[in-house]
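Fold and contact review
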Amino acid sequence: MGLSPMVWGPLGQVYGRRWTQIVSAVLFFAFSIGTALAPNLVSFFIFRVLTAFQGTSFLIVGASCIGDIYRPTERATALGWFLSGTLIGPAFGPFIGGIIVTFRTWRDIFWLQTALAGVGTALVFFLLPETIHHKRSAELAGLKTAEKVHKLWQWTNPWRVVRLYRYPNLLIVGLASSSLVWNMYSLLTPIRYVLNPRFHLTSPIQSGLFYIAPGCGYLLGTFFGGRWADYVVKKYIRKRGQRVSEDRLRSCLVAMGVVIPGCMLVYGWSIEKEKGGIPLPVIVMFLQGVAQLFCFPSLNTYCLDVMQGRSSEVVAGNYMIRYLFAALGTATCLPAIEAIGVGWFSTISAGFLVISTLLTYATSVYGRGWRETIDEDRQEKKVRHAHRDAEK
């Protein structure tokens, strides 16, 4: 999931949103069947990797579709609904999975995934129109084969996505998104291992119930988070007389810098010190779920706004860095909790969020100047190269 955005982002720009989504949906469906039928652990891992590679296409190209359709002052509201699925899934998935493995075989989890993938594929094929205003592939008409290959490599080279991080504002927003995903996965991954012994739970269903709390928080936040981000944009348009992309980032500062870190500290230390019983962690997991939906629409919509012509690649870069951190958080949370305890690990997660918030605030103030400086430098380099070519 961390590497595949470098492929899907550029492809969505070159061949359009619709066919990129259709191809990835069909492959996701096929590899889900492979996972359900996997005869051994090696093949299981291979098919899981392949489904993960296709899965990020929906997140990247889907967000780009919203950027194509909605005006900047409406995008965050639409994106909030879109993102709720990506957050509610990881929250309710383990709960549903806990029910399935209690009464059925684990393979039924992936047959359910296959059925959902099949429905998604049909919906994309029959209901998703092409939303991009200009496919770059149209520029290939009339070119020789060698020229087509050269152009395609220029447009789809995965390094295009990585190079976007020469813009400090995109790097900082990527780190901010990563801090949220790190927090989400490091909270959700160890729930059973942390809460089962704390509350003497014995079955997957019992611990799976705890996933409902953040899931309900994500669902509630869907109704408000995106609207709040759009409201802040409109407020600063009235104040400045123009829209500045970085103003949107102000809408997530309190949720990301105060609410979620506070929830993580209360969650971690209440479990560590065995205080508050079951209600306290449930309440703070719910609150941080709501707060997440006040952050993601703001950060993701900024990626759509800031470089409209390359929105798919900017979103791809954001997902690339956030899922690398998600993988790191998922892999390290259990060993870290065993080594230093859930309290200190939650403190580290809270610190990551606070630092990301301070950097995001700096971006909201100085980001426009950073962008313009880099764009001016690039333009000057192009002019110098053009002069050299002319002299030759």
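Refer to the structure presented above.
On a predicted model such as this, the values are computed, not experimentally measured, just so you know.

Quick look at the packing of aromatic side chains now. Given two aromatic rings, one states the distance between the centres and the angle between the planes to describe the pair. Per the stated rule, a full pass over the model turns up 16 aromatic pairs. For the pair phenylalanine 31 and phenylalanine 47, a centre-to-centre distance of 6.4 Å together with 45 degrees between the ring planes defines the contact as tilted. In this pair, phenylalanine 31 is assigned in helix α2 (residues 17–36) and phenylalanine 47 in helix α3 (residues 41–69), connecting sequence segments 16 residues apart. Since its relative accessible area comes to 18%, phenylalanine 31 is described here as buried. Its relative accessible area of 25% is what places phenylalanine 47 among the partly exposed residues. Considering the side-chain rings of phenylalanine 44 and phenylalanine 45, the 6.0 Å spacing of their centres and the 65 degrees angle between planes classify their relative orientation as edge-to-face. Overall, phenylalanine 44 belongs to the buried group, its relative accessible area being 17%. Among the aromatic residues, ring-to-ring pairing joins Phe44, Phe45, Trp106 and Phe110 into one connected group. Sitting over the face of the ring of tryptophan 19, arginine 18 holds its NZ or CZ atom 5.7 Å from the ring centroid. The ring centre of phenylalanine 125 lies 5.5 Å from the NZ or CZ of arginine 18, which sits over that ring.

Bringing the pattern of salt bridges into the picture now. Opposite charge on two side chains makes pairing possible when the charged atoms of those side chains draw close. By the definition in use, this model includes 14 salt bridges. Residue lysine 135 pairs with glutamate 130 through a salt bridge whose shortest N-O separation is 4.0 Å. Residue lysine 135 is classed as partly exposed on the basis of its relative accessible area of 28%. Judged by relative accessible area, which is 29%, glutamate 130 ranks as partly exposed. For arginine 160, the salt bridge identified is with glutamate 313, shortest N-O distance 3.0 Å. Of this pair, arginine 160 sits in helix α7 (residues 159–163) while glutamate 313 is found in helix α16 (residues 311–391), placing the two residues 153 residues apart along the sequence. Just as arginine 160 is buried, glutamate 313 falls in that class too. Each member of the salt-bridge network shares a partner with another, and the members are Arg75, Asp230, Arg243, Arg248 and Asp305.

This brings us to a negative patch on the surface. Judged by side-chain charge, Asp375, Glu376, Asp377 and Glu380 come together as a negatively charged surface patch. Considering the arrangement of structural elements, one finds glutamate 376 in helix α16.

On to the packing of helix α1 (residues 5–15) against α2, then. Two packed helices can be described by the angle between their axes and the distance between those axes. At their nearest, the axes of α1 and α2 sit 7 Å apart, and the two run at 135 degrees to each other. Our classification of the angle between α1 and α2 gives oblique. Together, Trp8, Leu11, Gly12, Gln13 and Tyr15 of α1 and Arg17, Thr20 and Ser24 of α2 make up the contact between the two elements. Here the contact of α1 with α2 is composed, by residue class, of three nonpolar, four polar and one charged.

Once that is clear, we can look at the environment of valine 181. With respect to the element layout, valine 181 can be found in helix α8 (residues 168–188). Valine 181 sits 145 residues away from alanine 326 along the chain, and the two C-alpha atoms are 5.7 Å apart. Residues in contact with valine 181, not counting those within four places in the same chain, are Phe296, Arg322 and Ala326.

The rules we used
Residues numbered from 1 in each chain as written. Predicted model: local features only at pLDDT ≥ 70, side-chain atom pairs only at ≥ 80, totals over all residues. Heavy atoms only, no water. Phe/Tyr/Trp six-rings, centres within 6.5 Å; stacked < 30°, edge-to-face > 60°. Helix = DSSP H or I, 4+ residues; strand = E, 2+ residues; numbered from the N terminus. Buried < 20%, exposed > 50% of the residue type's maximum accessible area, 1.4 Å probe, protein only. Lys NZ or Arg CZ within 6 Å of the ring centre and 35° of its normal. Salt bridge = Lys/Arg side-chain N within 4 Å of Asp/Glu carboxyl O. Patch = residues over 30% accessible without salt bridge, like charges linked within 9 Å, V, L, I, M, F, W, Y side chains within 5 Å. Areas by Shrake-Rupley, 256 points an atom, 1.4 Å probe, with all protein chains shown as cover. Lys, Arg positive; Asp, Glu negative; His and termini not counted. Charge placed at Lys NZ, Arg CZ, Asp CG, Glu CD. Axes fitted to C-alpha atoms, helices over the stretch in contact; angles between N-to-C directions. Parallel < 35°, antiparallel > 145°, perpendicular 65-115°, else oblique. Contact = heavy atoms within 4.5 Å. Nonpolar A, V, L, I, M, F, W, Y, C, P; charged D, E, K, R; others polar.

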